[in-house]
Amino acid sequence: MRKPSRRSTAVRAALTTVTAVVLGAAGLTACDGSGANSPGSEGSVSATKPSPKPTPTWDTSPRSVAAVGDSITRGFDACSVLSDCPEVSWATGTDKGVDSLSVRLLGRSGAAKNSWNYARTGARMSDLPGQMARAGAQRPELVAVMAGANDACRNSADDMTSVAGFRSDFTDALRQLRRAAPKSQVYVMSIPDLKRLWSEGRQNPLGKQVWKLGICSSMLADPDAVDAAATARRAAVQSRVEEYNQVLKSVCAADKRCRYDGGAVFGYRFGQGQLSHWDWFHPSVDGQARLAEIAYRGVTAKEPVD
């Protein structure tokens, strides 16, 4: 066999060197791109991150409803003076003229068996954690919330619940519910425009007499006074209600199964026909029906209202 020439030997050596460099570079590139766990390396695992769990889809047809809150949800002063009337409650009432949220969602027979009202007249946000714990024990598919008006309706504007305290109490309320019923949906109604209620109710002499009994004094005291001090007092209450509603919105947004009404109740223009003819401040039967409509639209909407 003829010996290879010096030239062919040099060519083969050069090719071998180039091949080794290319392969080595390729190996370095694979390692640099994915590290020790790159595909193809010994003992490697996939570097692909698991897909995040999808956000739960809002169920527009819950099969059970619990309500929590204050005098509005108890139908206070809707049927007789200074007394509850839960049968006309916007949330769980049975009155045909109201057609409550639970009746609209469950039908009359379903509402009678699978709806509960844990609201209490006079309750403030600090009472909501306890109400939520009781509601959670029923494992409802929906909890309807309307609370906070009494935190602004105090003896004076100085007595109103602080925004920080309000936030802490509402956060705790959702936490209490989640301990007992982690999958329950929550629909939060905004606090009504209390200044609007003052503006409408002050037109009725009887209402102003009832207000003297101590109903929402921070807003309703001296209803005909329009001096600087009275105006500033009402503005302070109004501002606090708006801050409370922002808290309801932001805390609710942090819970994947909570939906806020987008300020629908606050924005509703209650007229005298929607106010109790006993105190001209709480919702009448017709006012309760309007609240039921707002809640039903919000719960059954495909997307929440911002």
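Before reading on, note that the structure itself is shown above.
Residues numbered from 1 in each chain as written. Predicted model: local features only at pLDDT ≥ 70, side-chain atom pairs only at ≥ 80, totals over all residues. Heavy atoms only, no water.

Q: Looking at this structure, I do not really get the overall build of the protein. What am I missing?
A: Along its length, the protein carries 11 helices and 5 strands. A burial count over the protein gives 44% of its 306 residues as buried. Here the analysis covers contacts within the protein between residues at least 6 apart in sequence; of these, 72% occur between residues at least 24 apart. Working note: accessible area of the protein is about 15,800 Å², and carbon and sulfur atoms make up 54% of it. (Helix = DSSP H or I, 4+ residues; strand = E, 2+ residues; numbered from the N terminus. Buried < 20%, exposed > 50% of the residue type's maximum accessible area, 1.4 Å probe, protein only. Contact = heavy atoms within 4.5 Å. Areas by Shrake-Rupley, 256 points an atom, 1.4 Å probe, with all protein chains shown as cover.)

Q: Just to check I follow, could you spell out the sheet that holds strand S2 (residues 115–117) for this structure?
A: Whenever strands of a sheet pair, they do so through backbone hydrogen bonds, lying parallel or antiparallel. Read from one edge to the other, the open sheet built from 5 strands follows the order S2-S1-S3-S4-S5, with strand pairing classed as parallel. Each edge of the sheet is formed by a strand with only one pairing partner; in this case those strands are S2 and strand S5 (258–260). Averaged over all pairs of adjacent strands, the angle between their axes in this sheet comes to 15°, without regard to strand direction. Of the pairings in the sheet, the one linking strand S1 (residues 65–69) to S2 comprises 3 bridges and is parallel in character. (Pairing = 2+ DSSP bridges. Axes fitted to C-alpha atoms, helices over the stretch in contact; angles between N-to-C directions.)

Q: Help me out: how do you make sense of unusual backbone geometry in this one?
A: With the exception of glycine, most residues fall at negative phi, and the peptide bonds are largely trans. A positive phi angle, close to 60°, is found at aspartate 77, a residue other than glycine. Examined against the element boundaries, aspartate 77 turns out to sit in the loop between S1 and helix H2 (101–114). Positioned with a positive phi, leucine 82 is a non-glycine residue whose angle comes to about 55°. Within the element layout of this structure, leucine 82 appears in the loop between S1 and H2. The exposure class of leucine 82 is partly exposed, given its relative accessible area of 45%.

Q: Help me out: how do you make sense of the environment of valine 251 in this one?
A: Tracing the sequence through the fold places valine 251 in helix H9 (residues 228–253). A residue is classified by how much of its surface remains accessible, and valine 251, at 11% relative accessible area, is buried. Placed 84 residues apart in sequence, valine 251 and arginine 167 show a C-alpha to C-alpha distance of 7.6 Å. Once residues lying within four places of it in the same chain are set aside, the contact partners of valine 251 are Arg167, Phe170, Thr171 and Leu174.

Q: Help me out: how do you make sense of the nonpolar core in this one?
A: Grouped burial of nonpolar side chains is what soluble globular proteins tend to show. In terms of nonpolar packing, the biggest core is built from 72 residues, with Trp90, Leu128, Met132, Val188, Met189, Leu194 and Phe281 touching the most fellow members. With 7 residues, the top contributor of residues to this core is H9. If sequence neighbours within four positions are ignored, leucine 194 has contacts with Ala149, Ala152, Cys153, Cys216, Met219, Val237, Gln238, Val241 and Phe281. (Core = buried A, V, L, I, M, F, W, Y, C linked by side-chain atoms within 4.5 Å.)

Q: Which parts of the structure should I look at to understand the state of the cysteines?
A: When the sulfur atoms of two cysteines share a covalent bond, that bond is a disulfide. Tallying each qualifying case throughout the model produces 3 disulfides. Here cysteine 79 connects covalently by a disulfide to cysteine 85, the sulfurs 1.9 Å from one another. An S-S torsion of about -65° defines the bridge between cysteine 79 and cysteine 85 as left-handed. The partly exposed category is assigned to cysteine 79, whose relative accessible area is 35%. Taken N- to C-terminal, the disulfide-bonded cysteines of the protein are connected 1-2, 3-4, 5-6. (Disulfide = S-S within 2.5 Å.)

Q: It is not clear to me how the pattern of salt bridges should be interpreted in this structure. Could you clarify?
A: A side chain with one charge can pair with a side chain of the opposite charge if their charged atoms come near. Under the definition given, this model contains 12 salt bridges. Between glutamate 141 and arginine 63 there is a salt bridge, and its shortest N-O distance comes to 3.0 Å. Of this pair, glutamate 141 sits in the loop between helix H3 (128–136) and strand S3 (142–146) while arginine 63 sits in the loop between helix H1 (6–34) and S1, and the two are 78 residues apart along the sequence. When its relative accessible area of 23% is taken as the criterion, glutamate 141 is described as partly exposed. According to the relative accessible area criterion, arginine 63 is exposed, its value standing at 62%. Between aspartate 286 and arginine 290 there is a salt bridge whose closest N-O contact spans 2.4 Å. Note that aspartate 286 and arginine 290 are positioned in helix H11 (residues 285–300) at a spacing of 4 residues, about one turn of the helix. For aspartate 286, a relative accessible area of 31% translates into the label partly exposed. Via salt bridges that share partners, Arg202, Lys208 and Asp224 belong to a single interconnected network. (Salt bridge = Lys/Arg side-chain N within 4 Å of Asp/Glu carboxyl O.)

Q: Explanation requested: H9 in the structure shown.
A: Because an α-helix packs 3.6 residues into every turn, residues spaced three or four apart end up facing the same way. Counted at 1.5 Å a residue, the expected span for H9 with its 26 residues is 38 Å, and the 37 Å between its end C-alpha atoms agrees. By the burial criterion, the buried members of H9 are Ala230, Arg233, Arg234, Val237, Gln238, Val241, Tyr244, Asn245, Val247, Leu248, Val251 and Cys252. Put simply, aspartate 227 is the residue that caps the front of H9, since its side-chain oxygen is 3.0 Å from the backbone nitrogen of alanine 229. (Expected span 1.5 Å × (residues − 1). Polar contact = N/O pair within 3.5 Å; in protein donor to acceptor, adjacent residues only side chain to side chain.)

Q: What is the right way to read the environment of valine 88 from this model?
A: For valine 88, the position within the fold is in the loop between S1 and H2. Linking valine 88 and threonine 73, residues 15 residues apart in sequence, is a C-alpha distance of 8.8 Å. Leave out the neighbours within four places in its chain, and valine 88 touches Gly75, Ala78, Cys79, Gly93, Asp95, Val98, Val285 and Gln288.

Q: I tried to follow the packing of aromatic side chains on my own but got confused; where do I start?
A: Aromatic ring pairs are described here by two measures, namely the spacing of the ring centres and the angle between the planes. Within this structure, the stated rule accounts for 2 aromatic pairs. Between the aromatic rings of phenylalanine 166 and tyrosine 244, the centroid separation amounts to 4.1 Å while the plane-to-plane angle is 10°, which identifies the pairing as stacked. With phenylalanine 166 in helix H5 (residues 163–180) and tyrosine 244 in helix H9, this residue pair connects regions lying 78 residues apart in the sequence. Of the two residues examined, phenylalanine 166 and tyrosine 244, each falls in the buried class. Measuring from centroid to centroid gives 4.8 Å for tyrosine 268 and phenylalanine 270, while their planes differ by 85°, and the two rings are edge-to-face. Look at phenylalanine 270 and you get buried, because its relative accessible area is 4%. (Phe/Tyr/Trp six-rings, centres within 6.5 Å; stacked < 30°, edge-to-face > 60°.)

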